[in-house]
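# Breakdown of the fold
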Amino acid sequence: TTWRVSARDVAPKGRRRVLVVFEDMTAVEEAGQIRRDFVANLSHELRTPLTALLGFVETLRGPAKDDEAARARFLAIIAREAQRMAHLVDDLLSLSRVEADERRRPLEPVDLGALTSSVVATLEPLARQKEAHLQVEVPEAKVIVPGDPGQLRQVLTNLIENAMKYGGSGEDIEVSLTSPEFQPALRRSGVCLSVSDHGPGIAAHHIPRLTERFYRVDAHRSREVGGTGLGLAIVKHIVNRHRGRLRIESAVGHGSRFTVVLPVD
Ligand code: ADP
């Protein structure tokens, strides 16, 4: 605990009286530390692609000026690195929008079954490209929760994209929606929206840290697949805003399941 101690003379004339104030500064210090870590991480995340960009531009202007094959190769790398920075900026904007919006915009009734099917349909072409099979299971009856439709779409998109990025190729990805209305055992927990994959899984000690900004199990792999390290931080913020919970289960060698549990009101 960090204390700030200050003293003030509050004596009425001719008397001695001092007021000593102890302020607990722990939360303020922690917030400052989190901000400093964030800026340091972000600078590093931007610096890495920028260094590559500048290096390849220099090579194109100098040694590779007249080498047609090298030029095509370097331009492709430049495009990829610029794309990576664009993703990072998009994710940063999403994160700050979610943080700013917390509790401000009222939640509206959202049809989760329709939303799930629509997100899956949008991601289908990408899944086909990656040879992943998206399996969807939603109840026939409507499942309505109070929510922000744009943000809930983003939650599901991020989870399915992660399953495609880290879930091993050629494997099934199961997206399922269950509601306590149809499964009384869930009555106390709420509506569950889960994404399961059959990829390599995640070792237990990483799991509590996955939703930290820029935390990655394998930074190299994350960069390779176009990750920014912010996807699950965004998910966590959105789920909190909906007073829900994010449950992560994983078994190394078998796969992972990310479940969003939302209250039904
Ligand atoms: P990124 O942009 O790197 O994907 P995320 O915040 O979405 O960042 O995820 C954080 C890390 O969690 C990833 O870098 C990856 O190591 C791990 N991860 C996320 N989803 C999965 C999954 N389905 N299977 C295995 N690892 C995963």
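A few points on the structure. (Residues numbered from 1 in each chain as written. Predicted model: local features only at pLDDT ≥ 70, side-chain atom pairs only at ≥ 80, totals over all residues. Heavy atoms only, no water.)

Looking now at the packing of aromatic side chains. Taken as a whole and assessed by the stated rule, the structure comprises three aromatic pairs. Arranged with centres 5.9 Å apart and planes meeting at 25°, the rings of F38 and F214 form a pair that is stacked. Remark: F214 occurs in the loop between β7 (191–197) and α5 (219–224) and F38 occurs in helix α1 (residues 26–61); sequence separation between them is 176 residues. F214 carries the same exposure label as F38, and that label is buried. For R213, the ring lying beneath its charged end belongs to F38, and the centroid distance is 4.6 Å. (Phe/Tyr/Trp six-rings, centres within 6.5 Å; stacked < 30°, edge-to-face > 60°. Helix = DSSP H or I, 4+ residues; strand = E, 2+ residues; numbered from the N terminus. Buried < 20%, exposed > 50% of the residue type's maximum accessible area, 1.4 Å probe, protein only. Lys NZ or Arg CZ within 6 Å of the ring centre and 35° of its normal.)

If you walk across this open sheet you meet the five strands as β4-β6-β7-β9-β8, and the pairing is mixed. Sheet topology places β4 (133–137) and β8 (245–251) at the edges, where each strand pairs with a single neighbour. In this sheet, neighbouring strand axes are inclined to one another by 15° on average, regardless of whether the strands run parallel or antiparallel. Summarising the sheet, β4 and strand β6 (residues 172–178) pair through five bridges and their orientation is parallel. (Pairing = 2+ DSSP bridges. Axes fitted to C-alpha atoms, helices over the stretch in contact; angles between N-to-C directions.)

Quick look at the site of the ligand now. Taken together, 19 residues lie near the ligand, and Y166, D197, S222, T228 and G229 sit nearest. Relative to its free-state accessible area of 530 Å², the ligand is covered by the protein chains to the extent of 96%. Taken atom by atom, the bulk of the ligand overlaps the largest pocket. Those elements that place two or more of their residues in the shell around the ligand are α4 (149–166), α6 (231–241) and β9 (255–262). (Near = heavy atom within 4 Å. Areas by Shrake-Rupley, 256 points an atom, 1.4 Å probe, with all protein chains shown as cover. 1 Å grid on protein atoms, 1.4 Å probe; cavity = no way out; pocket = protein on both sides within 12 Å on 5 of 7 lines; lining within 4 Å. Sits in = over half its atoms within 2 Å of the grid points.)

Direction vectors running N to C along α4 and α6 enclose 145°, while the axes themselves pass 9 Å from each other. α4 and α6 meet at a crossing whose hand is left-handed. Facing Q151, Q154, V155, N158, L159 and N162 of α4, the residues of α6 in contact are G231, L232, I234, V235, I238, V239 and R241. Here the contact of α4 with α6 is composed, by residue class, of seven nonpolar, five polar and one charged. (Left-handed = near helix turned anticlockwise from the far one by under 90°. Contact = heavy atoms within 4.5 Å. Nonpolar A, V, L, I, M, F, W, Y, C, P; charged D, E, K, R; others polar.)

Right, let's get into the pattern of salt bridges. Per the counting criterion, the structure on display carries ten salt bridges. One salt bridge in this structure joins E58 and R61, with 3.2 Å as the shortest N-O distance. With E58 and R61 both in helix α1 and three residues apart, the pair spans about one turn of that helix. When its relative accessible area of 46% is taken as the criterion, E58 is described as partly exposed. Between E249 and R257 there is a salt bridge, with the nearest N and O atoms lying 3.8 Å from each other. Residue E249 is classed as partly exposed on the basis of its relative accessible area of 34%. Given the relative accessible area of 38%, R257 is considered partly exposed. Residues joined in a network through salt bridges with shared partners are E45, R216 and R223. (Salt bridge = Lys/Arg side-chain N within 4 Å of Asp/Glu carboxyl O.)

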